[in-house]
Amino acid sequence: MNRSLALILLILLTLFLVHSLYSFYHGRFGEGMIMYPLLVICYVAYLGLGKLKGKGDDDT
């Protein structure tokens, strides 16, 4: 995984965490829990796009 992808996913994780905490605080548990599967989908999509471009996971 390259550095820019890791930064984007870290920012998304932070935003999803803040949104989930806000939703849990207001008692909307379903809305708070839906964000994490979306984050996994985003992660898989970014990895798939990287492999389609031929970059792969060559961090070494």
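Please refer to the structure placed before this passage.
All values reported here derive from a predicted model rather than from experimental measurement. By convention here, each chain's residues receive numbers from 1 onward along its written sequence. Restriction of local features to residues with pLDDT of at least 70 applies here, the model being predicted, together with a cutoff of 80 or more for giving and counting side-chain atom pairs; totals for whole chains, interfaces and linings are based on all residues. In computing side-chain properties, one takes all heavy atoms of the structure into account and sets aside hydrogens as well as water.

**Quick notes on helix α3 (residues 35–52)**
Going by this rule: By definition, any uninterrupted DSSP run of H or I lasting at least four residues is a helix, any uninterrupted run of E lasting at least two residues is a strand, and each is numbered from the N terminus. By definition here, a helix of n residues has an expected span of 1.5 Å times n minus one. Accessible area is worked out with a 1.4 Å probe on protein chains only. A residue is then buried under 20% of its type maximum, exposed over 50%, and partly exposed in between. In this description, one arc is meant: the one made by directions from the helix axis to the C-beta atoms. Any two residues whose heavy atoms approach within 4.5 Å are treated as being in contact.
When the terminal C-alpha atoms of α3 are compared, their 26 Å separation across 18 residues agrees well with the 26 Å that a helix rising 1.5 Å per residue should span. Of all the positions in α3, only Met35, Leu39 and Cys42 are classed as buried. Down the axis, α3 shows its buried residues gathered within 60° of arc, on one side only. Across α3 from its buried face, at more than 90 degrees, point the exposed residues Val40, Ile41, Val44, Lys51 and Leu52. If you follow the buried residues of α3, they end up packed against α1 (3–25) and α2 (29–33).

**Some thoughts on the pattern of salt bridges**
Worth spelling out the cut-off: The rule for a salt bridge is simple: a side-chain nitrogen of Lys or Arg has to be within 4 Å of a carboxyl oxygen of Asp or Glu.
Tallied over the full model, the rule gives one salt bridge. Its salt-bridge partner being Glu31, residue Arg28 comes within 3.6 Å of it at the nearest N-O pair. The exposure class assigned to Glu31 is partly exposed, which follows from its relative accessible area of 36%.

**As for the packing of aromatic side chains**
Describing an aromatic ring pair means giving the distance of the ring centres and the angle of the ring planes. What counts here: Pairing of aromatic side chains requires ring centres within 6.5 Å, counting the rings of Phe and Tyr and the six-membered ring of Trp. Pairs whose planes differ by under 30 degrees are stacked, by over 60 edge-to-face, and all others tilted.
One pass over the structure, following the stated rule, counts one aromatic pair. On the numbers, 5.8 Å between centres and 35° between planes, the contact of Phe24 with Phe29 is tilted. You can call Phe24 partly exposed: its relative accessible area is 30%.

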